[in-house]
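# Structural characterization, general
One letter stands for each residue in the lines below.
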There are 2 protein chains.
Amino acid sequence: MAKKGQYIYEYKHPAVTADTVVFGYDGKELKVLLIKRGEEKEAGTSAYVGEWALPGGFMDVDKDKTIAHTAARELKEETGLKLSVKDFKEVGTFSDIDRDPRERVITVAHYALVKLAEVQADTDADKAEWFALDEVPKLAFDHNKILQVASKHLRRDIHFEPVGFDLLPGIFTMPQLQNLYESILGVTFDRRNFANKMKRYNILAEVDDGTPRRGTRTPIRYGFDKKNYDRLKESGFQLEF
Amino acid sequence: MAKKGQYIYEYKHPAVTADTVVFGYDGKELKVLLIKRGEEKEAGTSAYVGEWALPGGFMDVDKDKTIAHTAARELKEETGLKLSVKDFKEVGTFSDIDRDPRERVITVAHYALVKLAEVQADTDADKAEWFALDEVPKLAFDHNKILQVASKHLRRDIHFEPVGFDLLPGIFTMPQLQNLYESILGVTFDRRNFANKMKRYNILAEVDDGTPRRGTRTPIRYGFDKKNYDRLKESGFQLEF
DNA sequence: TATTTTTGCGTATTAAAAACACAGTTATGG
DNA sequence: CCATAACTGTGTTTTTAATACGCAAAAATA
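Description of the structure in this document. What you see is a predicted model, and the numbers here were worked out from it, not measured in a lab. (Residues numbered from 1 in each chain as written. Chains lettered and ligands numbered in written order. Predicted model: local features only at pLDDT ≥ 70, side-chain atom pairs only at ≥ 80, totals over all residues. Heavy atoms only, no water.)

### Looking at unusual backbone geometry
Peptide bonds are trans in most cases, and residues, glycine excluded, mostly fall at negative phi. Its identity as a non-glycine residue notwithstanding, Asn-202 of chain A has a phi of 55 degrees, on the positive side. Its place among the elements puts Asn-202 of chain A in the loop between α6 (191-200) and β10 (204-206). Even without a glycine there, the phi angle at Phe-141 of chain B is positive, about 50 degrees. One can find Phe-141 of chain B in the loop between β8 (128-132) and α3 (143-157). The class of Phe-141 of chain B is buried, set by a relative accessible area of 15%. (Helix = DSSP H or I, 4+ residues; strand = E, 2+ residues; numbered from the N terminus. Buried < 20%, exposed > 50% of the residue type's maximum accessible area, 1.4 Å probe, protein only.)

Here you go:
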C-alpha cells in the first residue's frame, strides 16, 4: 500500500481511482458484485460509509503500472477476486467536479466478466455480495450511473466479441448460451435461428464429456473454440450477433 | 489558468491531462491537427520541447467541470479551435507508469470531428498544423499510440453513427460522402450499392442551392436530415454501414 | 398414462447485400 | 474542334443472409 506522508505539488492534482463493474451470470440473470463501504484506509476522511458501492479505490502512483492494475489490485483487496489485468475493459472516465465530497476525484471505470459459479467461492462474503442487475440498490457516489454505462458497453460489446463465453462455464448448451444473450440484450430470439447463426461462425465445438444423449431432449454440449476464433479474428472477421 | 502554489496531499496524486485527436477531412484524405510543443507553462520542467504532439494539457482541478472541459479548454488555448464540450468523444485512459519523464501523468484521450474547410481559418498557424494521417511524424509521449487507438475508435463509430456528416460541409454530394467513408475505412464500395444503402436510411435530403443540374454528371447535392435521424434514433433504430 | 415441455433438424419465405449494364454529360488530350 | 476517357445517375439480376414456421423424439409433468 502507498505510504502516508506529505506530498507537495506546484499545481493542484486530482485524486484518481479505478472502479470495476464485475458481471456474473448464474444461468438465469445477470448479476453484479458490490461491496459495503467501510472506513477508508487512504483518504483523510471517509465517505458513504455503510453504503453499497462498486469495488475500487485509489491509484498507487508508485506501484500501479497502469490504471487497470489499480482496478485489479483493489478488486482483489476488497472482494478477494483475483483477475488478470487484461480482463478489465475500460468503460470511461467519470470526472464531475462534485462527484466526491472529500476532494476532486476522477475515476476510471472498468468492467469484467466472470464465470459466477466458479468464482463465487473466492468472493469474500463478509464484504462483497452479488446483486441481480434489476435489484441493485442506491449506490455511493455516481456508481449507479457508472453501472448504467458499463451495462450499455456490455450490451454493445456482445455484438462483436464472444463475451458470452467469459460468463458461461467452459462447457455449456445452446439453450444456455441463448438465455445469456437474451437476458443481456433484453430480447428473445427464435431458438432455431439463433442456433443456426451461432453455428455459422464456427466458434463452437461439440464436446463429448461422456454424458449419453439418449434423446434429442438432452442438449448437445458445446465448448468455445478459441483457436478457431483467434484465427477468424486475425483474418479481419467480425462477429455480429 | 490554475494558480501556482504549494498543494499538499497525504498520498501521492498523479497529474491528469486531457489530449484530443482532432480529425478533419479535406475532400481527399483524413487529417489530424498537431501542435509544436513549447515551454510548459504549468509543470515544473518542460518535456519534448520542439516536438509535434496532440493538443492537450493539464486539468484545472478548480475550474474544469469534467475532463472533457479540460480537453476543450486546452484545444482552444493551443490551437485557437473552439469546440463544444459535447463534441469530444472519449477514447480511453493512457496511464503507463513511465509515459511522462517528469512525474506520473495519466491522460484521458478524446477525439473530435470538424469540418476542415470551415475551421481551417480559426486554427492558429503559428502553433498548429494539419497532417495527413499517413504523414504524421513521431510524436511526443505516447501520442502516436493514442492516435492509433483514436483512429480505431473512429473506424468503429462510423458504422453506427453518422460521423461522416460532422466531417463534411453542410451540403455535399454522394461521391464526396463515399470518398470519406472509403478513406476512413480503407476500403472501396460499389458506387451504386453505396448510394442505395445511404438512401434507404432516409437521413439524406436533396438540397436545391440553385446550382442547375444540366446533365447527370453534375452530382446531386445533399444535406444531412438531422431531424429524421434523431427520430429514427429515438425509435431504437441503428445505423450500420 | 396422457399432456406438456424441451431439443434438434429441417424448409419456405422475405429482405438485404453484391455484382453488373446502360445512357447522358462533362472533362481531357491531341 | 473532335475523339476519347471519366463521372454521375438509374436501374436489374444474382447471391446471400435473415426471418418465420413445421415436425418428430425424448423427457418432464400432472
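### Quick look at the interface of chain B and chain A
Contacts between the two partners involve 40 residues from chain B, matched on the other side by 39 residues from chain A. Roughly 3800 Å² is buried in total at the junction of chain B and chain A, and carbon and sulfur atoms are behind 55% of that figure. Summed over the three residues of chain B that lose the most area to chain A, namely Tyr-11, Lys-12 and Val-61 of chain B, the buried surface amounts to 20% of that side. Our count for the contact surface shared by chain B and chain A stands at 4 salt bridges. Salt-bridge contacts for Lys-4 of chain B lead to Glu-10 of chain A; the nearest nitrogen and oxygen are separated by 3.5 Å. Summed over the shared surface of chain B and chain A, the number is 25 residue pairs in polar contact (both at pLDDT 80 or more). Taken together, the elements giving at least two residues each to the side of chain B that touches chain A come down to β1 (7-9), β2 (15-25), β6 (89-94) and β7 (105-114) of chain B. Pairing of strand β1 (residues 7-9) of chain A with β1 of chain B involves 3 bridges; the strand directions are antiparallel. Residue pairing in the sheet places Tyr-7 of chain A in a bridge with Tyr-9 of chain B of β1 of chain B. (Contact = heavy atoms within 4.5 Å. Buried area = accessible area lost by both parts, 1.4 Å probe. Salt bridge = Lys/Arg side-chain N within 4 Å of Asp/Glu carboxyl O. Polar contact = N/O pair within 3.5 Å; in protein donor to acceptor, adjacent residues only side chain to side chain. Pairing = 2+ DSSP bridges.)

### Focus on the relation of the copies chain B and chain A
Structural alignment of chain B on chain A gives an RMSD of 0.1 Å, achieved by rotating through 180 degrees and translating 0.0 Å along the axis. Both copies of the chain, as the preceding transformation shows, are related through a two-fold rotation axis. Considering only C-alpha atoms, the part of chain B nearest the rotation axis is Ile-8 of chain B, at 2.2 Å. Take the interface residues of chain B: 98% of them recur as interface residues in chain A, which is what a same-surface contact looks like. (Least-squares fit on C-alpha atoms with pLDDT ≥ 70 in both.)

### Topic: helix α6 (residues 191-200) of chain B
Residues and elements named next belong to chain B. Looking at α6, one finds that the buried residues are Phe-194, Ala-195 and Met-198. Looking straight down α6, one finds that the buried residues subtend no more than 95 degrees of arc, so they occupy a single side. Away from its buried face, by an angle of more than 90 degrees, α6 presents the exposed residues Arg-192, Asn-193 and Arg-200. Contacts made by the buried residues of α6 are with α5 (174-185) and β10 (204-206). For α6, the side-chain oxygen to backbone nitrogen distance between the N-cap and Arg-192 is 2.9 Å, and the N-cap itself is Asp-190. Of the residues one or two after α6, Asn-202 is the one with positive phi, at around 55 degrees. (Arc of directions from axis to C-beta.)

### Quick notes on the side chain of Glu-78 of chain B
On the secondary structure map, Glu-78 of chain B appears in helix α1 (residues 67-79). The residues contacting Glu-78 of chain B, other than those within four sequence positions of it, are Ile-35, Pro-55, Gly-56 and Lys-127 of chain B.

### Re the protein's contact with DNA strand D
In the vicinity of DNA strand D, 18 residues are found, and the nearest of them are Arg-192 and Arg-200 of chain A together with Arg-191, Arg-192 and Thr-216 of chain B. The contact in question runs from a base nitrogen of DNA strand D to an N or O atom on the side chain of Arg-217 of chain A, over 2.9 Å. Of all the elements in the fold, those that place two or more residues in the surface near DNA strand D are α6 of chain A together with α6 of chain B. Broken down by element, the residue count for the surface near DNA strand D peaks at 4 residues, all from α6 of chain A. (Near = heavy atom within 4 Å.)

### Digging into the packing of aromatic side chains
One pass over the structure, following the stated rule, counts 18 aromatic pairs over all chains. Members of the aromatic cluster, connected to one another through ring pairs, are Phe-165, Phe-172, Phe-224 and Tyr-229 of chain A. (Phe/Tyr/Trp six-rings, centres within 6.5 Å; stacked < 30°, edge-to-face > 60°.)

### Thoughts on the protein's contact with DNA strand C
In the vicinity of DNA strand C lie 18 residues, with Arg-192, Thr-216 and Arg-217 of chain A together with Arg-192 and Arg-217 of chain B positioned nearest. Close to the protein, within 4 Å, the atoms of DNA strand C are drawn from sugar and phosphate at a rate of 46%. Note that a base nitrogen of DNA strand C is positioned 3.1 Å from one of the side-chain N or O atoms of Asn-193 of chain B. Contact distances for DNA strand C include 2.6 Å between a base oxygen and a side-chain N or O atom of Arg-217 of chain B. Looking at the surface near DNA strand C, the elements that each hand over two or more residues are α6 of chain A together with α6 of chain B. In terms of residues, the surface near DNA strand C owes the most to one element, α6 of chain B, which gives 4 residues. In the surface near DNA strand C, the residues fall into 3 nonpolar, 4 polar and 11 charged. (Nonpolar A, V, L, I, M, F, W, Y, C, P; charged D, E, K, R; others polar.)

### What to know about the environment of Gly-50 of chain B
Residues and elements named next belong to chain B. Its place among the elements puts Gly-50 in the loop between β3 (30-36) and β4 (52-53). The partly exposed category is assigned to Gly-50, whose relative accessible area is 37%. Each C-alpha atom of the pair Gly-50 and Met-198 lies 44 Å from the other, and the pair is 148 residues apart in sequence. With residues near it in sequence (within four places) discarded, Gly-50 still touches Lys-36 and Arg-37.

### Some words on the packing of α5 of chain B against α6 of chain B
The angle between the axes and the distance between the axes are what describe a pair of packed helices. Residue and element names in this part refer to chain B. Taken N-terminus to C-terminus, the directions of α5 and α6 make an angle of 100 degrees; their axes are 10 Å apart at the nearest point. Relative to α6, α5 is oriented roughly perpendicular. Contacts from Met-174, Leu-177, Gln-178 and Tyr-181 in α5 reach Arg-191, Phe-194, Ala-195, Met-198 and Lys-199 in α6. (Axes fitted to C-alpha atoms, helices over the stretch in contact; angles between N-to-C directions. Parallel < 35°, antiparallel > 145°, perpendicular 65-115°, else oblique.)

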